[in-house]
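Secondary and tertiary structure notes
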Amino acid sequence: MQGKLASFFKSEKQWLRRAPLPRTYTDFLGRKLFTILLTAQGIGAFALITLAVIVRKLNVAPAVIHPMIRREIARSGVRLLPMYLFVAVALGFLAIGQTVAVAARLGAFDYIGTVMVTVIVRELGPLLAAVLALARVGAANVIELGTARALGNVEALEASGIDPIHYLVVPKVIGMTLGVFSLTVYLILAALGSGYLFVFLQNVALTPSKYCAELATSLGWQDFVLLALKSCAFGFFVGIVTCYHGLAQPLRLEDVSRVTVRATTECIFVCVLIDALFFVLYLRA
Amino acid sequence: MNNEKPKQSPKTAGAPVVPIEMRGVAMGAIADPDFLVLKDVNWTVASGDFWVVGAPQNSGKSDFLMTTAGLMPPVGGSYKFFGSPTRIFDESRLADRLRVGFIFEQSELFHYLTVAENVALPLRYHHNLPVDEAMAAIDDLLGLTELRPVADVRPPDLAQSWQKRAGLARALALCPDILLADNPLGALDSRHCHWFRRFLDELSLGHKWCRNKPLTIVVTTDDFRHWRGGRFQFALLKEKSFVPLGSWNQVLASEEPLVKELLAAPMAEVGK
């Protein structure tokens, strides 16, 4: 850990934060830009280290790590299911129901499938799933790891010859990735179902078969592949950013709240960036 | 897990390998590795030695032990661990790292694990044991350290003295060759203090938990009085220097003011 993350400890980033305030706006913007780039570099390096540990230590201490991964999947996935179903129903009523009602008034049923796939399957579903996972589990990850860091648990693991990334980060990142992927699928299915329920209650002349047919014709194989990749990328990076901020730098207990806010903001920023990247891929598909 | 000992050259094959040998070592602080805590440390620890290193608070005792444990690299100089040049015990030196047991001053136990789970963690991880088997394996250790009654308690619900015992038990879980203890008697009541010192004495002479193998022990302290009368070797961290003092009698005879402070001598005597 010392070797792997030493560059994060004494980095230019610390110097940038401690340096006197710049005199001009351009200096201020320059410093902000450098800070963002250095943070991106740190997160990128941390992601690569974590991936390398996942691959290299696949069979190291499975009796310890595998139950932890299962626990994290339950924490980031199964236990959040009721909340996700509630949000999915609300999303279905608010977004799908209203869209279909408006489309019915305009007689534009042919566009319902395209609108549903674009809004729910490609955009709102994965993004909302990631943001909810961040709020419920990601923030808790930062607090948990930041407290462990501040209490010296990381040094204790190193002294026992246990790789802190393998023990603390890998289960959380795998749990978050699989949890966000599964919850995205459930959220989209539940939102589409509840949306039709709202349409049915409004007496719109749209049969279930027509509704399903519209959806089916608008969905291509690329949608399934990109949805899986996108939700996994959201989960992976939410896990990485939260663990990076909790673990990769020396913390005191009073720093934990500040770091949690910072990690949450950066997670949203990263998710928006990933979303933009996938938007380009959708346009090309 | 690779437990191979370092190879010896034919010339030194008969000679005992020195566990810790430092020549001109400079050490940084863990919070800021560029800040020099100690410089020009020349120190040799023979197998079975019991060293007591004294220093006031905030003078780099923890950094000294962490560098010795290979948790952070020395800033300069030559550090040999069982004859092998060492900077930090990375993954390629896992076997060496597991030869060192480390007791932290604040114990540093995981608060979400019970005492037994904390103690069993190194054993479970390195031997890939399920919970039940690991618990059976550490049951004797919990008994030896009198931790059985609190085995299912989480550390925040325990007094600091018991947390320190749990830290000791965790450090011993893998039967190390060297035990490094950061101020183990600090903030202990007299009963626990007496127990801790007696147990470390037994470990140093050879304890049944470690298959009667005498442990090499290094402890730090901010009060020499706890270590009076033993067969220990004493040293002092003073103004970024490592100063060997010798036996207890030599400590008592020392005119060094800092030594007198660590012996809690009357202030008039300290000023002499």
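All values derive from a computational prediction rather than experimental measurement.

Things to note about the overall build of chain A
- Helices and strands together make up the secondary structure of chain A, namely 11 helices and zero strands.
- Along the first, second and third principal axes, the C-alpha set of chain A runs to 65 × 55 × 35 Å.
- Here chain A, with 285 residues, has 40% of them falling under the buried criterion.
- Intrachain contacts of chain A at a sequence separation of at least 6 include 89% that bridge at least 24 residues.

Concerning the sheet that holds strand β2 (residues 36-45) of chain B
All names here are of chain B.
- Taken together, the four strands give an open sheet; going across it, the order is β2-β1-β4-β5, and neighbouring strands pair in antiparallel fashion. Bordering the open sheet on either side are β2 and β5 (84-85), each of which pairs with just one other strand.
- Both strand β4 (residues 76-81) and β5 contribute to a ladder of two bridges, which runs antiparallel. Residue pairing in the sheet places Lys80 in a bridge with Pro85 of β5.
- Relative to strand β1 (residues 20-28), helix α1 (residues 61-68) is tilted by about 130°, and along the sheet it contacts β1 and β2.

Quick look at the interface of chain A and chain B
- With 18 residues of chain A at the interface, the matching set in chain B holds 24 residues.
- Sorting the residues of the side of chain A that touches chain B by element identifies α1 (2-9), α4 (62-76) and α7 (153-159) of chain A as the ones contributing at least two each.
- For the side of chain A that touches chain B, the class distribution of residues is nine nonpolar, six polar and three charged.

Describing the confidence of the model for chain B
- Considering every residue of chain B, the mean pLDDT works out to 87; 92% of them sit at 70 or more.
- Among the scores for the predicted complex, ipTM is 0.86 and pTM is 0.84.

Focus on the environment of Ala169 of chain B
All names here are of chain B.
- Along the polypeptide, Ala169 turns up in helix α5 (residues 160-172).
- Judged by the 23 C-beta atoms lying within 10 Å of it, Ala169 falls in the buried class.
- As a C-alpha pair, Ala169 and Phe199 span 30 residues in sequence and 11 Å in three-dimensional space.

Structural notes on the confidence of the model for chain A
All names here are of chain A.
- Residues with a pLDDT of 70 or more make up 92% of chain A, whose mean pLDDT is 86.
- Of all helices and strands in chain A, the one with the weakest mean pLDDT is α1 (47), whereas α4 scores best (93).
- Under a pLDDT of 50 for its full length, residues 1-9 has, in the predicted model, 16 contacts with residues more than four places off or in other chains.

Brief notes about helix α3 (residues 115-127) of chain B
- Its 13 residues place the ends of α3 of chain B 19 Å apart at the C-alpha level, agreeing with the 18 Å of an ideal helix rising 1.5 Å per residue.
- At Leu121 of chain B, α3 of chain B shows its largest kink, close to 40°, and the proline Pro122 of chain B lies no more than four residues downstream.
- For α3 of chain B, a buried count of 10 out of 13 residues is recorded, marking the element as mostly surrounded by other parts of the structure.
- Burial in α3 of chain B covers these residues: Val115, Ala116, Asn118, Val119, Ala120, Leu121, Pro122, Leu123, Arg124 and Tyr125 of chain B.
- Along its buried surface, α3 of chain B packs onto α4 of chain A together with α4 (131-144) and α5 of chain B.
- Just beyond α3 of chain B, the residue with positive phi is Asn128 of chain B, at close to 50°.

Definitions and limits used
Counting restarts for each chain, with residues numbered from 1 along the sequence as it is written. Chains carry letters and ligands carry numbers; both start at the beginning, A for chains and 1 for ligands, and go up in the order they are written. This being a predicted model, a pLDDT of at least 70 is required before a residue's local features are given, and a value of 80 or more before pairs of side-chain atoms are given or counted; all residues contribute to the totals for chains, interfaces and linings. In this description a helix means any DSSP run of H or I spanning at least four residues, a strand means any run of E spanning at least two, and both kinds are numbered starting from the N terminus. Here exposure depends only on C-beta density: within 10 Å of a residue's C-beta, 20 or more other C-beta atoms make it buried, 12 or fewer make it exposed, and intermediate numbers make it partly exposed, the C-beta atoms being placed from the backbone. We call two residues in contact when their backbone-placed C-beta atoms lie within 7 Å. Strand pairing is assigned whenever DSSP identifies at least 2 bridges connecting the two strands. The axes used here are C-alpha line fits, helices contributing only the stretch in contact, and every angle between their N-to-C directions lies in the interval 0 to 180 degrees. Just so you know the grouping, Ala, Val, Leu, Ile, Met, Phe, Trp, Tyr, Cys and Pro go in nonpolar, Asp, Glu, Lys and Arg go in charged, and all remaining residues, Gly too, go in polar. pLDDT measures the predictor's confidence residue by residue and takes values from 0 up to 100. The length a helix should cover is 1.5 Å for every residue beyond the first. Here the bend at a residue means the angle between the axes of two seven-residue stretches, the one that ends at it and the one that starts at it.

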